[in-house]
Amino acid sequence: MHPRHCFGPGAGIGRADLLPPVWSDKIGRVRYLWAAALTLSILGTVLALALASVGPIYYHQFVGEDRFSGLNAAMDGLDYSHMVREPAAYLLTAYQSGRPDLGGGISAMPSMHVAFATLNAYLLSSLNLWLGILGWMFAALIMYGSVYTGWHYAVDGYVSIIVVSVIWWATGRQPAQIETQFAIRQAIEG
């Protein structure tokens, strides 16, 4: 698989997201959609604002030190470095211009790519062991790639994994409670 398919813009998002509309398990579908909405709201909005930072790829432009020059030199030596450099340049230009461009914004913490890859791994694990294994392998690849390419620090992914795990757990409790309440109501109403 070419690295652009694993680490490019949008990697980790939208793969298993297409599954819930055709998935027959209503409780599971509701759980996933609630978890996705909470992931986007909590990680993509609240934590992204509260923990705003830039990844190593932007460190020099924002902090002024060349702390990650080795990473940048290694990336420049790769045949596919343009797949990281071009989107990075676009985001930096949009930020510096001050205008709200489509897809603009620089925020490394937390990693939304790792968050949705993790959420999709949980979904796939709930469907089938082998799909779960593939889902977790993909999530690990996204985590690795996001650090390797300089978009994120490892801690950005760790925070995403922890928060998504709590969200998945919490949303798993809610549908069970709804199902129990529905069964009780049906028994009472006869």
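Residues numbered from 1 in each chain as written. Predicted model: local features only at pLDDT ≥ 70, side-chain atom pairs only at ≥ 80, totals over all residues. Heavy atoms only, no water.

Undergrad: Got a minute to help me understand the overall build of the protein chain in this structure?
TA: Along the backbone of the protein chain there are 8 helices and 0 strands. Helices and strands appear in the protein chain in the N-to-C order α-α-α-α-α-α-α-α. Looking at the protein chain as a whole, 36% of its 190 residues are labelled buried. Sequence separation of at least 24 residues holds for 76% of the intrachain contacts in the protein chain that already meet a minimum separation of 6. Summed over all atoms, the accessible surface of the protein chain reaches about 11,000 Å², with 65% contributed by carbon and sulfur. (Helix = DSSP H or I, 4+ residues; strand = E, 2+ residues; numbered from the N terminus. Buried < 20%, exposed > 50% of the residue type's maximum accessible area, 1.4 Å probe, protein only. Contact = heavy atoms within 4.5 Å. Areas by Shrake-Rupley, 256 points an atom, 1.4 Å probe, with all protein chains shown as cover.)

Undergrad: It is not clear to me how the pattern of salt bridges should be interpreted in this structure. Could you clarify?
TA: Applying the stated criterion across every chain yields a total of 1 salt bridge. With a closest N to O distance of 3.0 Å, D76 and R85 form a salt bridge. Relative accessible area serves as the criterion here: at 23%, R85 is assigned to the partly exposed category. (Salt bridge = Lys/Arg side-chain N within 4 Å of Asp/Glu carboxyl O.)

Undergrad: Hey, could you run me through unusual backbone geometry in this one?
TA: Most of the time, phi is negative for any residue but glycine, and the peptide bond is trans. In this chain, M109 is followed by P110 through a cis amide linkage whose omega measures -10°. In this structure, P110 sits in the loop between α5 (82-97) and α6 (112-127).

Undergrad: Help me out: how do you make sense of the confidence of the model for the protein chain in this one?
TA: Should the pLDDT be low somewhere, the predicted coordinates at that spot are not to be read in detail. For the protein chain, the average pLDDT comes to 81, and 79% of its residues sit at 70 or higher. The secondary structure element of the protein chain with the lowest average pLDDT is helix α1 (residues 3-7), at 43, and the one with the highest is helix α7 (residues 129-148), at 95. For residues 1-9, every residue scores under 50 in pLDDT, and the model assigns this stretch 15 contacts once sequence neighbours within four places are set aside. Below pLDDT 50 for its whole length, residues 12-16 participates in 18 contacts with residues either more than four positions away or in separate chains. (pLDDT = per-residue confidence, 0-100.)

Undergrad: Explain the packing of α6 against α7 here, please?
TA: What describes two packed helices is the angle between their axes and the distance between those same axes. Direction vectors running N to C along α6 and α7 enclose 170°, while the axes themselves pass 7 Å from each other. Between α6 and α7, the angle is such that the two are roughly antiparallel. For the pair α6 and α7, the contacting residues are H113, V114, A117, T118, A121, Y122, L124, S125 and L127 in the first and L131, G132, G135, W136, F138, A139, I142, M143 and S146 in the second. Across the contact of α6 with α7, the residue classes break down as 12 nonpolar, 6 polar and no charged. (Axes fitted to C-alpha atoms, helices over the stretch in contact; angles between N-to-C directions. Parallel < 35°, antiparallel > 145°, perpendicular 65-115°, else oblique. Nonpolar A, V, L, I, M, F, W, Y, C, P; charged D, E, K, R; others polar.)

Undergrad: Any chance you could explain the packing of aromatic side chains here in plain terms?
TA: Aromatic ring pairs are defined here through the distance separating the ring centres and the angle between the ring planes. The final tally for this structure, using the stated rule, is 8 aromatic pairs. Centroid distance Y58 to W151: 6.2 Å. Interplanar angle 65°. Geometry classified as edge-to-face. Remark: W151 occurs in the loop between α7 and α8 (154-189) and Y58 occurs in the loop between α2 (26-50) and α3 (59-63); sequence separation between them is 93 residues. With respect to class, Y58 is no different from W151; both count as buried. On the basis of an interplanar angle of 20° and a centroid distance of 5.5 Å, the ring pair of Y144 and Y148 is categorised as stacked. Placement of the pair is Y144 and Y148 together in helix α7, with a separation of 4 residues, close to one helical turn. Residue Y148 is classed as partly exposed on the basis of its relative accessible area, which comes to 31%. (Phe/Tyr/Trp six-rings, centres within 6.5 Å; stacked < 30°, edge-to-face > 60°.)

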